[in-house]
Amino acid sequence: MFTLNQLCCERDGRDLFAPLTLGVAAGDYVELLGANGSGKSTLLRTLAGLHSQFSGSYETVPAVYQGHRLGLDDLLTPVENLLWFAGLEGATLSLDRILDALQETGILTEAYDNCAAMSAGQQRRVAMARWMLSQRKLWLLDEPLTALDIEAQAVASRIIKEHCASGGAVICATHQPLDLTDKTTLTLTPQLAETAS
Amino acid sequence: MFTLNQLCCERDGRDLFAPLTLGVAAGDYVELLGANGSGKSTLLRTLAGLHSQFSGSYETVPAVYQGHRLGLDDLLTPVENLLWFAGLEGATLSLDRILDALQETGILTEAYDNCAAMSAGQQRRVAMARWMLSQRKLWLLDEPLTALDIEAQAVASRIIKEHCASGGAVICATHQPLDLTDKTTLTLTPQLAETAS
Amino acid sequence: MLAALKRLWHKLGSPRWFFALTSFWVSLLGWAALLFLLVGAVWGLAFAPADYQQGNSFRIMYVHVPAAMLAQSLYIGMGVAGFIGLVWRMKLTDVFIAASLPLGMVVTALALFSGSVWGRPTWGSWWEWDGRTVSTLVLFFLYVGIYALREAIADMQLRARASALLAMVGTVNIPIIKYSVEWWNTLHQPASFGLTQKPAMPSEMWLPLLVMVLGFYALAGFVVLTRMRAEILHREGSARWVGEWIAGRRAI
Amino acid sequence: MIGSLLRREWQILRRAKGAVINPMAFLFLSATLFAIAAPALVIQQTSQGASAAGILWTLVLLTQLLALDGMYRRDFDSGLLEQLLVTAQVPFVAVLSRIFMQWLSTGFIIVLASPLLAVLLGLSVETLPATAVALLLGTPTLSLLGSIGASVTVGFNRGGVILALLVLPLFLPTLIFGADLVEAAQAGRDFMPQAYVLGLISLGALALAPFATLAGLKISLEMQ
Amino acid sequence: MIGSLLRREWQILRRAKGAVINPMAFLFLSATLFAIAAPALVIQQTSQGASAAGILWTLVLLTQLLALDGMYRRDFDSGLLEQLLVTAQVPFVAVLSRIFMQWLSTGFIIVLASPLLAVLLGLSVETLPATAVALLLGTPTLSLLGSIGASVTVGFNRGGVILALLVLPLFLPTLIFGADLVEAAQAGRDFMPQAYVLGLISLGALALAPFATLAGLKISLEMQ
Ligand code: HEM
Ligand SMILES: Nc1ncnc2c1ncn2[C@@H]1O[C@H](COP(=O)(O)OP(=O)(O)OP(=O)(O)O)[C@@H](O)[C@H]1O
Ligand SMILES: Nc1ncnc2c1ncn2[C@@H]1O[C@H](COP(=O)(O)OP(=O)(O)OP(=O)(O)O)[C@@H](O)[C@H]1O
Ligand SMILES: [Mg+2]
Ligand SMILES: [Mg+2]
């Protein structure tokens, strides 16, 4: 699904972590660990094409990216938001599939409310529905369990597991290990010594 | 420290949870639980004086409030931010105390960086230092463990414990139980039936 | 005594009480408006003598002047309501603002429109920059501003507070705006149209005007009260007395 | 895809109702201010038709400027913009549809309101069609070039003023030819040359703006 | 407390350097636009001193407006504003110090820049002191009343234009008396009456604005 080749992200010209080399295939779930500020978010943004300061190289496929900020439009309802996302990807979705996804993430009753009038966790649940409805195989998730209650955390784990089982791949930065048995962990460590030449 | 008297918060005229009656004294740690959208954040905002739609009544003392948004100024360094907060409270702080607090939350090396250039967890650590440096006894914390790594989560628990031990009180909304033994839990449940008269 | 006053105040804050009280007033004002407007219109349009200078075009006055007066009164009413609403947190005041805002906008637009239609024959242009015209135009903007603000806020209670605040600030400013605009006018322009000095109208001309003014105010009272009552029913939709009231209407 | 993109923009326009009324109201309001602050200009001068056109165009520019500031801000703050860049099959189209809607809710509305405004500023009734044509051909440039500036400044704290600085110079040619067109019409001269130029500038902006906007948005997003 | 509040504002001003330069640059830029779009106004008309004052004041108003939009936005988005209301011993003072700094970074800068601008617009050199006085007395009102509008609209998507609608009518008296003061000076008349009125309006605004702003901020914060 994607490969990293001596990849090392930079911020303000500073290398964030020891270079990574890794290949991820369909079906893999990778948990991205590391202390605060170790560069997890930056790595995910790089893979999503939103960050261009890095050394080394990577190859990847179009992905679903879920950052610290959700990317839902306040003025639209969940259904409208999801329709918009589908349109962006160039897909068409039936309303049934959207409502199914919202049911699965437990936010069906708010399907036609404005996203502005939702709690933090409720918005996260809408975002989960978005991953599910995307046709893309690779998911890049940055702390997806944030603000989710216990029940929704279990849903998130299940969704991710099913996605991997159906030939997808997920890389997920988190400080809260997900409830999945079959995982690869990737821990970001600071570069030990500056390569002072 | 504060008392709730049949307090029930409202949004758009809708009651969020079954009325609460509770008294919290110095030394108490209260964990505020409840599903997504049950009204935890709204309750904390009400106690902070930021939300005025409610029935029933409450009494409280001036508090430290930490919402979903941190309230740090991007353009300032952690030290400057903390000095500003102290000024707002009408206190004066020595630089030493500030640096001590930053050391305790593990963000001392970034003490003079701009907050804009910090990761999500690093900013949260600065916010933790803010609670510690406040003179106020009551802390209202909304999901304080968000974005913190394992080590920092332990620090948060310790800080809260120490605050309670020294005569403070903490109410903390969270989906991730804190590592404290001596706690009261308060679970928000939806109002069972509309009081249709 | 104080307690009685307090009780009255409390009652005033109760939508239900207001609803019951106004059912009489609505019909009274409605009939009064109809009567005054009919009499005023027929008198003013058919029987009042033509102006020796302006001919028949002066008859626009019978719409223009009442509209211009009402436009200002409604805004001041909103400002007062805003003040009461902010200080005593009375729900009814927002109902009043919600009810009178669109009417105020329409009436201000009517004053502007009738004025410029009148301006065509008398001034020779649709629009002139003059103290009265400008302050009416600004009044219109004040209305539009509050309207835009209300549209932008979804939450009912916050919408109420925000529009009350701005109606109040606007009202404080209205005299200042009016005064300064008139002052500006006298400085920059000779008072060529005689808007400010009262024309020595014969009583056959101003009596119908008075009747029309009364008619406009009665109509405004009728419209505002009716809209308020509808709004109350809407907001209190789940309350028991509303159900009873509707059942009562059905029975008739 | 275009359908779904435009639909969202439309839904938002409808829900944020002010979006349509506000630019117009601002335009009229600032015209009023002008007439009040400098009555001699509007009352005496423009009856000779010399500068009403210039005032009109300056006000249009300022209205656009004010509306531009919010063009991407909401989407930037909510993280929707990064989704747009990551998810869209053809980000180019997404950006273009946003620009189109921005124009629809400002430029186009201005065109519709222009007769009233022109009369208010003292332009003669005969020039109203020319004024509308000038605005119809000129305002797309303002939305297109403005979008570039908005995309670059969306990540800044005090975007508004920097945006103005970046964008107003780019608006200059449109301002000059637009005002000149109206003036020519007022004087009874042929105004087709100016119309062609305005149209050409708009076409040029159309070719340039979506790519530049995309680049600008990428830069802004990397700032996070 | 005031010291610490002002210190923060000062640090921010220093770090967001644009804050000081930008309003000024915008002012000059828009004056230039004007001169280009309607040269007759600036060159011929104002040499008679009739309307340069009006143009100057209109531009000042617009500059303020543009700067006002960002007055509370950054703090609102970052959650700093809620901290201010919850934490401040006397929120009133915090708000006042913010308004003061806003004025310092726009109104005061405009006062400093006014001689250059006045000359650019064709006012005579003798009126420069009067212009500066007028601005010094008038601009505080703009910051004060503007702050009310900014506080209420800070939570909106397209705040800018609604803000303009709410606030520009309130600026009207300042505009009129300000322009008139400069004109009186230009004509060699006594301008003290206007100066008194401008000062009085500012005082009135000072009494009203902090409380209204606080109320507005509370409303905006409850929208979340
Ligand atoms: C669009 C243009 C105009 C506007 C906005 C306007 C506005 C106003 C306003 C605000 C008033 C004051 C109402 C009150 O007493 O409270 C008024 C009164 C009046 N207007 Fe107009 N007006 C306009 C054009 C005209 C024209 C063209 C005429 C006729 C020459 C006219 C004749 C009058 C008269 C006779 C009064 C009553 C004067 C008095 O009793 O003080 N107006 N108008
Ligand atoms: N800005 C808002 N406007 C209107 N309604 C809102 C708003 N924010 C939240 N709500 C509603 O209020 C209810 C409670 O929201 P609140 O944010 O307090 O929940 P919470 O318990 O903090 O949830 P979470 O665990 O997801 O953070 C939700 O059901 C939501 O629909
Ligand atoms: N906008 C920014 N500008 C400059 N530097 C930044 C920026 N954001 C983060 N950094 C720096 O980049 C490093 C990595 O940040 P990143 O957000 O990738 O960390 P993270 O692993 O996601 O941390 P967290 O667990 O706290 O979310 C941090 O040390 C931080 O100092
Ligand atoms: Mg991160
Ligand atoms: Mg919450």
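Computed from a predicted model, the values in this text were never measured in an experiment. The written sequence of each chain sets the order in which its residues are numbered from 1. Whichever chain is written first becomes A and whichever ligand is written first becomes 1, with later ones labelled in order. Restriction of local features to residues with pLDDT of at least 70 applies here, the model being predicted, together with a cutoff of 80 or more for giving and counting side-chain atom pairs; totals for whole chains, interfaces and linings are based on all residues. Each side-chain value is worked out from all heavy atoms of the structure, with water and hydrogens disregarded.

Asks: Now, about the interface of chain B and chain C: what can you tell me, with residues and values included?
Replies: Contacts were defined at the residue level, with two residues in contact if any of their heavy atoms lie within 4.5 Å. Listed as interface residues are four residues of chain B and, on the opposing side, five residues of chain C. Both sides of the chain B and chain C interface together cover about 380 Å² of buried area, and 27% of this is carbon and sulfur. For the purposes of these results, a polar contact is taken to be a pair of N or O atoms within 3.5 Å, where, inside protein, one atom must be able to donate a hydrogen and its partner to accept one; residues adjacent in sequence count only when each atom of the pair is a side-chain atom. Summed over the shared surface of chain B and chain C, the result is one residue pair in polar contact (both at pLDDT 80 or more). Tallied by class, the residues present in the side of chain B that touches chain C amount to no nonpolar, three polar and one charged. The term buried area refers to how much accessible surface (probe radius 1.4 Å) is lost by two components on association, counted for both of them together. For this classification, the nonpolar set comprises Ala, Val, Leu, Ile, Met, Phe, Trp, Tyr, Cys and Pro, the charged set comprises Asp, Glu, Lys and Arg, and every other residue, Gly included, is treated as polar.

Asks: Give a description of a nonpolar patch on the surface that names residues and reports values.
Replies: Residue and element names in this part refer to chain C. A cluster of nonpolar side chains, namely Trp31, Leu34, Leu35, Leu38 and Val39, defines an oily patch on the protein surface of about 540 Å² accessible area. Elements are defined by DSSP. Helices are runs of H or I of four residues or more, strands are runs of E of two residues or more, and each kind is numbered from the N terminus. Mapping valine 39 onto the fold places it in helix H2 (residues 15-47). Exposure is judged per residue with a 1.4 Å probe applied to protein chains only, and the accessible area is read against the type maximum: over 50% gives exposed, under 20% gives buried, and values in between give partly exposed. Relative accessible area serves as the criterion here: at 40%, valine 39 is assigned to the partly exposed category. The patches described consist of residues with a relative accessible area above 30% and no salt bridge, like charges being joined within 9 Å and nonpolar side chains (Val, Leu, Ile, Met, Phe, Trp, Tyr) within 5 Å. Here the open area of atoms and residues is found with the Shrake-Rupley method and a 1.4 Å probe, where only the protein chains shown may cover a residue. Salt bridges are identified by distance alone: a Lys or Arg side-chain nitrogen within 4 Å of an Asp or Glu carboxyl oxygen.

Asks: Lay out the coordination of the magnesium ion (ligand 4) with the relevant residues and their values.
Replies: Residues and elements named next belong to chain A. The magnesium ion (ligand 4) binds to the protein through Ser41 (OG) and His68 (NE2); the donor distances cover 1.9 to 2.6 Å. Taken as a pair, serine 41 in helix H1 (residues 40-48) and histidine 68 in the loop between strand E6 (63-66) and helix H2 (78-89) lie far apart in primary sequence, 27 residues in all. With relative accessibility at 33%, the residue histidine 68 sits in the partly exposed group. Shown as donors are all N, O and S atoms within 2.8 Å of a metal ion, widened to 3.2 Å for Na, K and Ca; because water is not in the atom set, sites may appear incomplete.

Asks: Could you give an account of the sheet that holds strand E6 (residues 63-66) of chain B, naming the residues involved and the relevant values?
Replies: Residue and element names in this part refer to chain B. Two strands are counted as paired when DSSP detects at least two bridges linking them. What the five strands build is an open sheet, ordered E6-E7-E8-E4-E9; its pairing is parallel. The two strands at the open ends of the sheet, each matched to only one other strand, are E6 and strand E9 (184-187). Geometrically, the sheet is characterised by an average inter-axis angle of 15 degrees between neighbouring strands, direction not taken into account. Here four bridges tie strand E4 (residues 29-33) to E9, and the two strands are oriented parallel to one another. An axis is simply a line fitted to the C-alpha atoms; with a helix, the fit covers only the stretch in contact. Between two such axes, the angle follows the N-to-C directions and lies from 0 to 180 degrees.

Asks: Provide a residue-level description of the packing of aromatic side chains, including the pertinent values.
Replies: Working definition: a ring pair exists when centres of Phe, Tyr or Trp rings (six-membered ring for Trp) sit within 6.5 Å. Plane angles under 30 degrees give stacked, over 60 give edge-to-face, the rest tilted. Inspection of the entire model under this criterion finds 18 aromatic pairs over all chains. Among the aromatic side chains, those forming a connected cluster through ring pairs are Phe19(C), Trp241(C) and Trp245(C). For a lysine, the NZ atom is tested; for an arginine, the CZ atom; a charge sits over a ring if that atom is within 6 Å of the ring centre and within 35 degrees of the ring normal. Of note, Arg69(B) hangs over the ring of Phe76(E), and the distance from its end group to the ring centre comes to 5.7 Å. Above the face of the Phe85(B) ring, Arg130(B) is positioned so that its terminal group lies 4.3 Å from the ring centre.

Asks: Hey, could you go over the domain arrangement of chain A for me, with residue numbers and the actual values?
Replies: Residue and element names in this part refer to chain A. Where each domain begins and ends is defined by an automated method or by a domain database. Its domain assignment divides chain A into domain 1 (1-61 + 137-197) and domain 2 (71-136). Placing the centre of domain 1 and that of domain 2 at their C-alpha centroids yields a distance of 24 Å. Contacts between the two partners involve 20 residues from domain 1 and, on the opposite side, eleven residues from domain 2. Across the domain 1/domain 2 interface, buried area totals approximately 1,200 Å², and carbon plus sulfur atoms make up 63% of it. Taken together, the connections running from domain 1 to domain 2 amount to two salt bridges. Ionic pairing is found between arginine 125 and aspartate 149, a salt bridge with its closest N-O pair at 3.0 Å. At the boundary of domain 1 and domain 2, one finds two residue pairs in polar contact (both at pLDDT 80 or more). Elements supplying a minimum of two residues to the side of domain 1 that touches domain 2: strand E7 (138-142) and helix H5 (150-165). Residue contributions to the side of domain 1 that touches domain 2 peak at nine residues, all from H5. Looking at the side of domain 1 that touches domain 2 residue by residue, the classes come out as eleven nonpolar, two polar and seven charged.

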